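# Examination of the molecular architecture
Below, each chain spelled out in residue letters.
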Protein chains: 2
Amino acid sequence: MPFPTETGRAVLTTNIVVFSLRDEQLKLLLVRRRNPPFQGCWALPGGVVGEDEDIEANATRKLEEGTGVSGVYLEQLCTFGDPGRDPRERVISVAYYALVASERLQVRSDAHGEDVGWFALAELPPLAFDHAKMVQVARQRLAAKLDYSTIAFQFMPERFTLSDLQKVYQMILDRDLDKRNFRKRMLAMDQIRETDEVRRNGSHRPARLYRVANPQEVQIIK
Amino acid sequence: MPFPTETGRAVLTTNIVVFSLRDEQLKLLLVRRRNPPFQGCWALPGGVVGEDEDIEANATRKLEEGTGVSGVYLEQLCTFGDPGRDPRERVISVAYYALVASERLQVRSDAHGEDVGWFALAELPPLAFDHAKMVQVARQRLAAKLDYSTIAFQFMPERFTLSDLQKVYQMILDRDLDKRNFRKRMLAMDQIRETDEVRRNGSHRPARLYRVANPQEVQIIK
DNA sequence: GCAAAAGTGTTCTAGGTACACCCATGT
DNA sequence: ACATGGGTGTACCTAGAACACTTTTGC
């Protein structure tokens, strides 16, 4: 029993908007295209989904190839499939976004030389295909999820200070937050735990270190 | 410059979770499959995307074919593409959900006889493929959007009472709401307008009729 | 006059926001 | 002793939740 149409087959791909915090900035992982179309242009990592490969598994695999990291938070974002978005033929791209703690990143990403790079959101180069649109949607989704989930903890290293965490929120939301209110809210949601360690860092009072209570899960709160 | 792979092409389809309020219940539009696989089984409306057809345009078209209604609210939900979700070959389905005011529905949907039907959410028959999962995701999304958007107004006819509107919210959220608080909240968001008409409906006080201020747009509020 | 749905306000609580000073350390 | 970032509490305000009675009509 064949499929009732012989037309309309499309190439299936994924693209991943990989966020990470580097140099105190929210950055994206981009790769430079080696082949046409958009040769030499920066683009989101991703690739063609194998014949018997699960779509999300493909995204996970491409992410691991690009960052050397496994077990990161990955969520389906949106699917792009305009005819003509790829000049060669019909290509469907399922876009994902991912959050990686920078401490987990391998040097590998940089070792590739000019072909892989991290770019601050405000300084993105022109992107291939409709990837700029994907980035925009991902950014909105990320900012929205800050409000009602523990997604921001995905960026945090094993041990971190409340000031570290506040900087993360401020970078994503792109505005300053009140220190006292922020701490109150973070502690009230009961998702981070005080450790008995502190971090000494310059000529001032050391900062208490915290850890995420459930580092694996992203909880929906409230 | 051909695409660098000859494998991995997939059939591209859409499926639409069409919600409407009928008989004071939240119902879904289903169609009965005439061909294998899942012959005779109920499934979500949808179909194969044409070679040069936009994906969302395909969903709109299939929705119009099933309901006779155009200009309805339609939003991309999620993409399903497990290898093996269709036994014939690799099929990617981009799921959408749509909200239709029941007054706008043509009789056509019923005229097809047994092939098209509206089913209450609590009484869905077994569904083909992974359509049950699509319904579940759509339902969650719809309930979530009630809280922070004007999406519920998409179900409302030209003129309606606040009691009508409250029933809609109660059906979607599946719980009772306080009448006074509900009215206060609805009026506070300033998205519906009082008309000078009332509806007489039985031996009791007539109800004031309202209209939606911006029927076309779904606004994100708060 | 009675049954039935429409309509209307107040109180309480919780969460968010605004806001300023002391603490512990290194130099 | 001073510069630096870490750490803390209170007052206010707003939004949401709980809650009961009067109004208008048809019969």
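How each quantity is defined
- Residues numbered from 1 in each chain as written.
- Chains lettered and ligands numbered in written order.
- Predicted model: local features only at pLDDT ≥ 70, side-chain atom pairs only at ≥ 80, totals over all residues.
- Heavy atoms only, no water.
- Near = heavy atom within 4 Å.
- Polar contact = N/O pair within 3.5 Å; in protein donor to acceptor, adjacent residues only side chain to side chain.
- Helix = DSSP H or I, 4+ residues; strand = E, 2+ residues; numbered from the N terminus.
- Nonpolar A, V, L, I, M, F, W, Y, C, P; charged D, E, K, R; others polar.
- Buried < 20%, exposed > 50% of the residue type's maximum accessible area, 1.4 Å probe, protein only.
- Pairing = 2+ DSSP bridges.
- Domains from an automatic or database assignment.
- Contact = heavy atoms within 4.5 Å.
- Buried area = accessible area lost by both parts, 1.4 Å probe.
- Salt bridge = Lys/Arg side-chain N within 4 Å of Asp/Glu carboxyl O.
- Expected span 1.5 Å × (residues − 1).
- Disulfide = S-S within 2.5 Å.
- Axes fitted to C-alpha atoms, helices over the stretch in contact; angles between N-to-C directions.
- Parallel < 35°, antiparallel > 145°, perpendicular 65-115°, else oblique.
- Phe/Tyr/Trp six-rings, centres within 6.5 Å; stacked < 30°, edge-to-face > 60°.

Below, the discussion takes up the protein's contact with DNA strand C. If you check the shell around DNA strand C, you find 21 residues, and the closest are Asn181 and Ser203 of chain A together with Lys179, His204 and Arg208 of chain B. Restricting the count to atoms of DNA strand C within 4 Å of the protein gives a sugar and phosphate share of 43%. Asn181 of chain A is positioned with one of its side-chain polar atoms (N or O) 2.9 Å from a base nitrogen of DNA strand C. Residue Ser203 of chain A places a main-chain N or O atom 2.9 Å away from a base oxygen belonging to DNA strand C. Going through the elements one at a time, α5 (179–188) of chain A together with α5 (179–188) and β9 (207–212) of chain B are the ones with two or more residues in the surface near DNA strand C. The dominant element in the surface near DNA strand C, judged by the number of residues it contributes, is α5 of chain B, at four residues. Here the surface near DNA strand C is built from residues that sort into three nonpolar, seven polar and 11 charged.

Across the 14 residues of strand β1 (residues 9–22) of chain A, 12 count as buried, placing the element largely inside the fold. Note: β1 of chain A against strand β1 (residues 9–22) of chain B, three bridges, orientation antiparallel. Across the sheet, the residue bridging to Arg9 of chain A is Val11 of chain B, located in β1 of chain B. Bridging between β1 of chain A and strand β6 (residues 91–100) of chain A involves 10 bridges; their strand directions are parallel. Within β6 of chain A, the residue paired with Val11 of chain A across the bridge is Val91 of chain A. In the sheet, β1 of chain A pairs with strand β4 (residues 46–48) of chain A via three bridges, with the strands oriented antiparallel. Directly across from Thr14 of chain A, in β4 of chain A, lies its bridge partner Gly47 of chain A. Two elements, β1 of chain A and strand β2 (residues 25–32) of chain A, share four bridges in a ladder whose sense is antiparallel. Its bridge partner lying in β2 of chain A, Arg22 of chain A is registered against Gln25 of chain A. Between the end of β1 of chain A and the start of β2 of chain A, which pair antiparallel, lie two residues, with Asp23 of chain A showing a positive phi angle near 55°.

We now examine the domain arrangement of chain A. All names here are of chain A. According to the domain assignment, chain A contains domain 1 (11–145) and domain 2 (158–212). Computed from C-alpha atoms alone, the centre-to-centre distance between domain 1 and domain 2 is 29 Å. Taken residue by residue, the interface counts eight residues in domain 1 and seven residues in domain 2. Buried area between domain 1 and domain 2, both sides added, is near 610 Å², and the carbon and sulfur share of it is 66%. For the pair domain 1 and domain 2, the interface holds zero salt bridges. The tally of links between domain 1 and domain 2 comes to one residue pair in polar contact (both at pLDDT 80 or more). Residue assignment for the side of domain 1 that touches domain 2 shows that the elements contributing at least two residues are β2 and α3 (131–148). The biggest single contributor to the side of domain 1 that touches domain 2 is α3, with three residues.

So, on to helix α3 (residues 131–148) of chain B. For an α-helix the count is 3.6 residues per turn, leaving residues at separations of three or four pointing the same way. All names here are of chain B. A rise of 1.5 Å per residue sets the reference length of α3, with its 18 residues, at 26 Å; its end C-alpha atoms lie 26 Å apart and thus fit the reference within 8%. Looking only at α3, the buried set comprises His131, Met134, Val135, Val137, Ala138, Leu142, Lys145 and Leu146. The secondary structure elements touched by the buried residues of α3 are β1, β2 (25–32), β3 (42–43), β5 (73–80), β6 (91–100) and α4 (162–173).

This part is about the state of the cysteines. This model, assessed by the stated rule, comprises zero disulfides over all chains. The structure places no disulfide on Cys78 of chain B, whose sulfur is separated from the nearest cysteine sulfur, that of Cys78 of chain A, by 10 Å.

If you want to describe how two helices pack, look at the angle between their axes and the distance between the axes. Residue and element names in this part refer to chain A. Put simply, helix α4 (residues 162–173) and α5 touch, their axes get as near as 11 Å, and they point 100° apart. Relative to α5, the element α4 is oriented roughly perpendicular. Residue-level inspection shows Leu162, Ser163, Leu165, Gln166 and Tyr169 of α4 in contact with α5, the latter providing Lys179, Phe182, Arg183, Arg185 and Met186. Split into classes, the residues belonging to the contact of α4 with α5 amount to five nonpolar, two polar and three charged.

Another point: the protein's contact with DNA strand D. Around DNA strand D sit 22 residues, and of these Lys179, His204 and Arg208 of chain A together with Ser203 and Arg205 of chain B come closest. Each atom of DNA strand D within 4 Å of the protein was assigned to sugar, phosphate or base; sugar and phosphate come to 39%. Within the side chain of Arg183 of chain A, a nitrogen or oxygen atom sits 3.3 Å from a phosphate oxygen of DNA strand D. Separating a base oxygen of DNA strand D from a backbone N or O atom of His204 of chain B is a distance of 3.1 Å.

All names here are of chain B. Counted by the stated rule, this structure contains eight aromatic pairs over all chains. Centre to centre, the rings of Trp42 and Phe119 are 4.8 Å apart; their planes meet at 65°, and the pair counts as edge-to-face. Remark: Phe119 occurs in strand β7 (residues 116–120) and Trp42 occurs in strand β3; sequence separation between them is 77 residues. Considered together, Trp42 and Phe119 belong to a single accessibility category, that of buried residues. Between Tyr73 and Tyr97, the ring centres sit 6.4 Å apart and the planes meet at 75°, which makes this aromatic pair edge-to-face.

A few words now on the side chain of Thr195 of chain A. All names here are of chain A. Tracing the backbone shows Thr195 in strand β8 (residues 192–199). Take Thr195: its relative accessible area is 10%, and that puts it in the buried class. Polar contacts involving the side chain of Thr195 include one to the main-chain amide nitrogen of Glu197, which spans 3.2 Å. One polar contact links the side chain of Thr195 to the main-chain carbonyl oxygen of Leu209, over a distance of 2.7 Å. Not counting residues up to four positions away in its chain, the partners in contact with Thr195 are Arg159, Arg208, Leu209, Tyr210 and Arg211.

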